[in-house]
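An overview of the molecular structure
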Amino acid sequence: MRPPARKPLRDAVREARLFRVRAMTALAVVIGCFAVLAGRFFYLQVVKHEEFITRSEDNRVKVRALPPNRGLIFDRRGRILADNRPAYRLEMIPEQVAEIDATLDELAQLIAITAEDRERFYKLKEARPSFQGVAVRLRLSESEVARFAVDRHRYPGVDIVPYQTRVYPQGEEFAHVLGYVRQLDAEDLAQVDATEYSATTHIGKTGIERYYEKRLHGRVGHERVEINVQGRVLGSLERAPPVAGDNIYLTIDAQLQSVAAQALGDSTGAIVAVEPASGEILALVSKPSFDPNRFADGISVAEYRALVNSPERPLFNRATQGGYEPGSTLKPYIALAGLELGVIPLDHTVYSRGYYQLPGQSHRYRDWKREGHGRVDVVQAIAQSVNVYFYELAHELGIDPIHDYLAQFGFGARTGIDLNGEASGILPSREWKRRVHHLPWYPGETVITGIGQGFTVTTPLQLARAVATIAARGRVPHIHLLRQAENSAGGDVHAPRFAPTFIPIGNAAHWQAVVDGMTQVVHGVRGTARVIASDNPPYRIAGKTGTAQVRAIAEDEEREDEELPRHLRNHALFIAFAPVERPQIAVSVIAEHGGGGASVAAPIARQVIDAWLTRGEEEPAVARQGLRPGSADACRPDCGAAREES
Amino acid sequence: MSRAVGRSLPLAALRYFVSRPMVDGGLLVALLVCAAVGLMILYSASGSDLSAIGKQCVRLGLGVAVLLIIARIPPQQMRNWTPAFYAAGMVLLVLVEAIGEGRGAQRWLDLGLIRFQPSELMKLAAPMMLAWYLHGRVLPPRIRDVALCLVMVAVPAVLIARQPDLGTAVLVAVSGLFVLFLAGMSWRLIGTLVALVAALAPVLWHFMHDYQKSRILMLIDPESDPLGTGWNIIQSKIAVGSGGLYGKGWLNGTQAHLEFLPERSTDFILAVYAEEFGLLGIVCLFVLYLFIIGRALSIATRAKDSYCRLLAGSLSLTFCVYVLVNGGMISGLLPVVGVPLPLVSYGGTSLVSLLASFGVIMSVYSHRRLLGGQGVHR
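Procedures and definitions
- Residues numbered from 1 in each chain as written.
- Chains lettered and ligands numbered in written order.
- Predicted model: local features only at pLDDT ≥ 70, side-chain atom pairs only at ≥ 80, totals over all residues.
- Buried ≥ 20, exposed ≤ 12 C-beta atoms within 10 Å, placed from the backbone.
- Helix = DSSP H or I, 4+ residues; strand = E, 2+ residues; numbered from the N terminus.
- Pairing = 2+ DSSP bridges.
- Axes fitted to C-alpha atoms, helices over the stretch in contact; angles between N-to-C directions.
- Contact = placed C-beta atoms within 7 Å.
- Nonpolar A, V, L, I, M, F, W, Y, C, P; charged D, E, K, R; others polar.
- Left-handed = near helix turned anticlockwise from the far one by under 90°.
- pLDDT = per-residue confidence, 0-100.
- Arc of directions from axis to C-beta.

Concerning the pairing of strand β12 (residues 281-287) of chain A
All names here are of chain A. Judged by how many residues are buried, β12 sits mostly within the fold: seven of seven residues are covered. One ladder, built from six bridges, connects strand β11 (residues 269-274) with β12; its direction is antiparallel. By the bridge assignment, Val274 is partnered in β12 with Ile281. What sits between β11 and β12 in their antiparallel hairpin is a turn of six residues, with Gly279 showing a positive phi close to 80 degrees.

This is the structure:
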C-alpha cells in the first residue's frame, strides 16, 4: 500500500481542533476511570480494611496449642511411680491434606497403622478443628521415624511430633492405685474442656490418674505462629507456654506396696494398709492386676476385651470395689457395741457348748469348734473367736443398735478415698431390709450378724478403716492417697488436711478390753492367729481373723474347706494393727478362697506389718507439712478434749 | 538527522545523544520515576532477589536506549516505514500461528538470540498503520475509511486472540479504536459500534476458552472456588485491603512475603505495592500515571501532523488502558487478564515495547510544530 495522496480540501486547523476536543474528552474519561479505580481502592483499603486485615492475619497466623507436661506421681518418699518419657507420634493436620484416605494408605506402607488407629483418627478428626493436628499413630519405633523422615517431603500436613508418653515403672504393682492414662478419644473430648485438651493425647481413665486428672493435666499453652502458603511454620510470634500439671506425692510407700504385693503372692485378693492416726494409705494391693503401660501405649481392642472378660477380673479393684462378708473380723466391733451400749458388763461371760439356740427355736447356730470353748469372757471370746458369745450378744443387742453403733466405724459407707468407683458395702438394719428386700427382719439374721455373716458386706478398705479406728481409739481417720501435690512451676504445695471424726468413748476400759482380745488373737495361748507370733516378734500385734463363706453350709456339715475345689473355698480375712501400744499401721487382708483367715491371711498381714515397722529410717524425700511423724500422738490430748465436748 | 548520525563516530554519537537528548525531560523523568518505583516493589515482591533486580535494570537500560533511539527518528521516516512494519508484524503473527511456542498458549517466536512475542510488535504497528492510513484522509473519517480501519485492526487482533492472548488482542484492538476516536469518528458511529459489541458479547462468550470464562465468572463470585481459580482474586484483594491507608511498610507485606499472593512480581505487583504502601501510595502512583498520560496527550495535541497526533494520542491512551485494566484486575473490578502494570511489572517484553512507544511519543515531541510553525530540526 502507498499512502493516499493529500486532498486539497483539508483544513489543518479544524482537524487539530477536532483532535484537541477528542483528546480532552479522552483525558476526562481517563481521569474519571482513575477516580473510579481510586474509589475502589478506597473501598478495599479504608472501608473494608478491618475485614481484610483480619483475613490477612488469618492467612498468615495460626494458633497452635502446646500440650502441658503431665504431672508426675511419686510415692511418699519421692520414688517415681508414673513418669513421662519422650516418644514420637505421627500426626496429620486434616486441613492440609487433600486425600486423607489415600494418604493414610500410603503412610501404612511406612508405618504400621491398624484399623483401630484409623477409626480413632477419624473420630478424633471430627471432634477437633481441622487446623489442629490429629494423632495417627503413637509411639513410633526408631525405624518408623527414620522411614518417614526420608519420605516426609511427600506428605505435606503429615509430620512426626515429639511428645511425652506415660510410663509406669512398677507396672502391675501399682495398677490399681495409679490407674492408667489412655489415648484421648472423641467421647473423652466431649467430657472435658476441649480447649484445655486441644493438644493433649492422653487422659486418666482410672485410679489416681483419673481422680486427679485436672491437677495432673496442667494447662494448655498457645503459640501464635506465622506460616507461609504451604502451611510451613516460619516462626513464633507469641507464646503462652503451657503450665505443667502438678506433681503428686502419694501416701503409699512403694517398698511396702511391693512387699504387700509379693506377700499376697498369686492369690486373688486385696491388702490395704493405713496409718491409723492420719488415714494415709501405705499400701493398696488388688490381685490379679494388669500392666497399665499397655493402656498408655494404646491397647488393642482384643487385649482390652481379654482383660475385661477374664473370669479373675484383673481390672476390678478388689480393695475399694470388692464386697466381702466380714466374717469374724466383725466380732471386735460387736463386742465394743455390747460393752459401750451397756448390754453386757466388762466381766460378762458366756458358756460355749458348741452351739447357740434362740429361745423357743430348734435351729442350732454352731460354733467353729464342735465341742465348744467352755466359759469365756469378752477377751477370750475375741481371742478364740467364740461364735456363741457373739450370737448371744448380737441377739441381746438387736440389729438396729448394732447398725447404729457399727455405722460409726464406717461400715456400710464409702470411705471417701480419692479413687473413683468405691463400693459402699452393706450394714444391714430393719429399715435397710424393708427398703431393699421389702421383707421384715428375722431374729436369726441378727444372730448371724454377730459373727459377720448374713447381709453384711464390707470392702477391704472399710475393714482397714475400721481397724484403724480401734487402733486410734475412736478416732475415725479420713482414708486418702494424696499426700501432697506441688505445683511444678512455683513449688506451690497443696497438702490436704482432713478433720477426723470421733466415736464417743463411754469407757476407755471397754476399748482396752477389745484391744486386749485382739492382742490375744495373736499373742494369746489360744489365739486363733497365734501361729504368726510363734517367733516372738519384737512388737505386739492386735488382730482378728475372719472367714467369709462363699457357699452356704449345712447345719451338720463337717467343714473340711481344704477338700473343696478352690473357687468354692472360703475367703480368708485378717485385720490387724501394730504395735499395740502405739499403733503405726493398720492392715486388712483378704485372700480369696484362701480358706482360713489364721493360716493364710494372717501371715500375709504379718509380713506387711513387719516390713513397715522394721523399715530403715530413710529421710523422707517430702517433708510433710503440718503432719510430722508422731504428731498423731501429740494430737491425742486435743482429740480427747474434742471428744469430751461432743 | 540521518546525515549527522552517518558522519559521526560511535563515541561522537553517544556524546550527541547525551548533549541533545531530543526528549521531553519531564515525561522522561516521570517514566524513570515510575520504573524506579517498580524496581523498589520488585525488590520486595521477589523476596529481595537482587538478580531479578539486575535483570530488570538491564531491560530498563535497553528500553531507555530504544526510547532514545526512536526519539531521534523523525515521524516522517516512521510514517514511511509504517506499511512495511505492519506487514512484517502480520507475517510474524501468521508464523506464530504456524510454528510458535509457549506455555499453554502460542505467543512466543524463538529467533535464536531472543524470544519475543510478535503480538507486542502489533501493539505499535496497528495504531501506526491506522494513523498512516488516516493521515492522508480528510478528518473526520468517512464510514468507508472507518470500515477499512476496523478491518486492519481486527485481523491482527483476531490472530492474537487465537494464540490465545485475549489481553493483548483487546489492547491491540483498543489502540486501533483510539486512533479512530481521536481522528474524530462520529459519535453516532461510536454508539453503533458499542451497541454491536454488546450484541456480539454472547457470541464472543461462546468462543471463549474455559479458563477465560472461569476468570470472568470468578470476578462475580471469587469465593465459590477459593482455592482454585478464585484464589488469585481473593488473595489480591486481601493484600490490597489489608494494606489500609498507610500500608504495612516496604518489605512488610505478609501476603507477598509468605507467598499467599500469586504472580506477585509480574501481573499482581500492584497488590504488593498496595499492601506495603497503602491507599496513599496508590494515589501517588495514580497521580504519576495521570501525569504521564496528560503529558503524552499534550504532546499529541501539539504534534505537527495528523499521523503524529493520532499515533501519539493512541499510544498514550493505550498506556492508560494498561494501568486501568491492571488496577481493575488486582482490585477485583475486572477479570484476571494477563495485563502487566506498565513500567512496574517484572518482565522485559512489555517494558521495552512500552518504552519504545514512548520513544515514538518523544519523537513526536522533538519534531513538534513550534509557535513559528517550524520543526526543531528545520
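Things to note about the sheet that holds strand β9 (residues 233-240) of chain A
Residue and element names in this part refer to chain A. Spatially, three strands are ordered β1-β8-β9 in an open sheet, and the strand pairing comes out antiparallel. The open sheet has two free edges, formed respectively by β1 (61-66) and β9, since each of these has just one partner strand. Between one strand axis and the next, the sheet turns by 30 degrees as a mean value, whatever way the strands run. As judged from the six bridges shared by strand β8 (residues 221-227) and β9, these two strands associate in the antiparallel manner. The residue bridging His222 from the neighbouring strand is Ala240, located in β9.

Observations concerning the sheet that holds β11 of chain A
Strand-to-strand pairing in sheets goes through backbone hydrogen bonds, with the strands running parallel or antiparallel. All names here are of chain A. Spatial strand order, β12-β11-β23-β22-β21: five strands in an open sheet with antiparallel pairing. Lying at the two open borders of the sheet, with one neighbouring strand each, are β12 and β21 (542-548). Averaged over all adjacent pairs, the angle separating strand axes in this sheet is 5 degrees, with direction ignored. Each of β11, β12 and β23 (585-591) touches helix α10 (residues 254-264); the most contacted strand, β12, lies at about 35 degrees to it.

Re the interface of chain B and chain A
Contacts between the two partners involve 46 residues from chain B and, on the opposite side, 39 residues from chain A. Every element with two or more residues in the side of chain B that touches chain A is listed here: α6 (118-135), α8 (166-182), α11 (231-243), α12 (254-257), α13 (269-301) and α14 (306-330) of chain B. Among the elements that make up the side of chain B that touches chain A, the one with the highest residue count is α13 of chain B (12 residues). Tallied by class, the residues present in the side of chain B that touches chain A amount to 25 nonpolar, 17 polar and four charged.

Remarks on the environment of Gly71 of chain A
Position of Gly71 of chain A among the secondary structure elements: in the loop between β1 and β2 (73-74). Each C-alpha atom, one on Gly71 of chain A and one on His217 of chain A, is 6.5 Å from the other, the two residues being 146 residues apart in sequence.

Here's the deal with the packing of α14 of chain B against helix α15 (residues 348-366) of chain B
Residues and elements named next belong to chain B. Where α14 meets α15, the closest approach of the two axes is 10 Å, and the angle between their N-to-C directions is 145 degrees. Note that α14 runs across α15; the crossing there is left-handed. Touching Cys308, Leu311, Ala312, Leu315, Ser316 and Phe319 of α14 are Leu354, Ser357, Val360, Ile361 and Val364, all from α15. Across the contact of α14 with α15, the residue classes tally to nine nonpolar, two polar and no charged.

Observations concerning the confidence of the model for chain A
Per-chain confidence: chain A averages 86 in pLDDT, with 90% of residues scoring 70 or above. The low-confidence segment residues 619-646 of chain A (pLDDT under 50) makes 27 contacts with residues lying over four places distant or belonging to another chain.

Here we look at helix α17 (residues 399-407) of chain A
Residue and element names in this part refer to chain A. What α17 keeps buried is the set Ile399, Ile402, His403 and Leu406. End-on, the buried residues of α17 take up no more than an arc of 100 degrees, which puts them together on one face. Its buried side turned inward, α17 meets α14 (331-340), α16 (387-397), α18 (430-437) and α19 (443-449).

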